[in-house]
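Architecture and fold: a report
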Amino acid sequence: MSCPPPRRSLGLKAGVGIAATLLIAVPTYAEIASADSGVTSADGALDKPVSPFADGHPAVDNLRPELRTAIRQAAADARRDGVEVLINSGWRSRRHQQHLLDEAVATDGLEKARRRVNTPDRSTHVTGDAIDAGPPEADRWLQRNGAAYGLCQVYANEIWHFELTTEPGRPCPPQLPDASAG
């Protein structure tokens, strides 16, 4: 009598299903910045997350040099810990930022939209002073270790949004509740 081959566990099947659902359900910035908007990669739109070391993407190239250096140093150290840090969004043109705000307002109304999308005049993405990192394990790594590089999570409701808000090695300032604060 022979034993049947081992079966995959339900946990793995469920995990793959959940991951596939998330990949389908979560739009990228490039999907939001549709062809109808006129927003392109020259505006900082990314069709997929990129490495902080990737040159040739305005979303990375137009970051403030100090921020680009800090996220690259952090990403190199995270890689040694087995964590890949990617940039989901970096520098954005005013037009791209306005498009994101307009889309959020159309979907959620002004008050709710302002909690997660700043105006072009207030956005630190427009000035090249912010990155949205991912995937979630990278966000958690940066939450734990980012202050060593001066990188801090700014908004309590955006675990992916990091800026240089402290001197490397110093504690991060208290988080703001959302983009409408401050």
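Residues numbered from 1 in each chain as written. Predicted model: local features only at pLDDT ≥ 70, side-chain atom pairs only at ≥ 80, totals over all residues. Heavy atoms only, no water.

Attention now moves to helix α4 (residues 65-80). In this model, α4 (16 residues) spans 23 Å end to end at C-alpha, consistent with the 22 Å of a helix rising 1.5 Å per residue. Within α4, burial applies to Leu 67, Arg 68, Ala 70, Ile 71, Ala 74, Ala 75 and Ala 78. All buried residues of α4 fall inside an arc of 165° around its axis, so they share one side. Among the structural elements, α3 (58-61), β1 (86-89), β2 (130-134), α7 (136-145), β3 (151-153) and β4 (161-164) are those in contact with the buried residues of α4. Following α4 by one or two positions, Gly 82 has its phi on the positive side, about 85°. (Helix = DSSP H or I, 4+ residues; strand = E, 2+ residues; numbered from the N terminus. Expected span 1.5 Å × (residues − 1). Buried < 20%, exposed > 50% of the residue type's maximum accessible area, 1.4 Å probe, protein only. Arc of directions from axis to C-beta. Contact = heavy atoms within 4.5 Å.)

Taken as a whole, the chain shows an average pLDDT of 86; of its residues, 80% reach a score of 70 or greater. In this model residues 1-35 is a low-confidence stretch, pLDDT under 50, and it forms 23 contacts with partners more than four residues away in sequence or in other chains. (pLDDT = per-residue confidence, 0-100.)

Turning our eyes to something else, we now look at the sheet that holds β4. The strand order β1-β2-β4-β3 describes an open sheet built from four strands, whose pairing is antiparallel. Edge positions in the open sheet fall to β1 and β3, since each of these has one partner strand only. Between one strand axis and the next, the sheet turns through 50° on average, direction left out of account. Bridging between β3 and β4 involves three bridges; their strand directions are antiparallel. Bridging from a neighbouring strand, Cys 152 pairs with Glu 163 of β4. Helix-sheet contacts for α7 involve β2, β3 and β4, and the interaxial angle to β2 is about 125°. (Pairing = 2+ DSSP bridges. Axes fitted to C-alpha atoms, helices over the stretch in contact; angles between N-to-C directions.)

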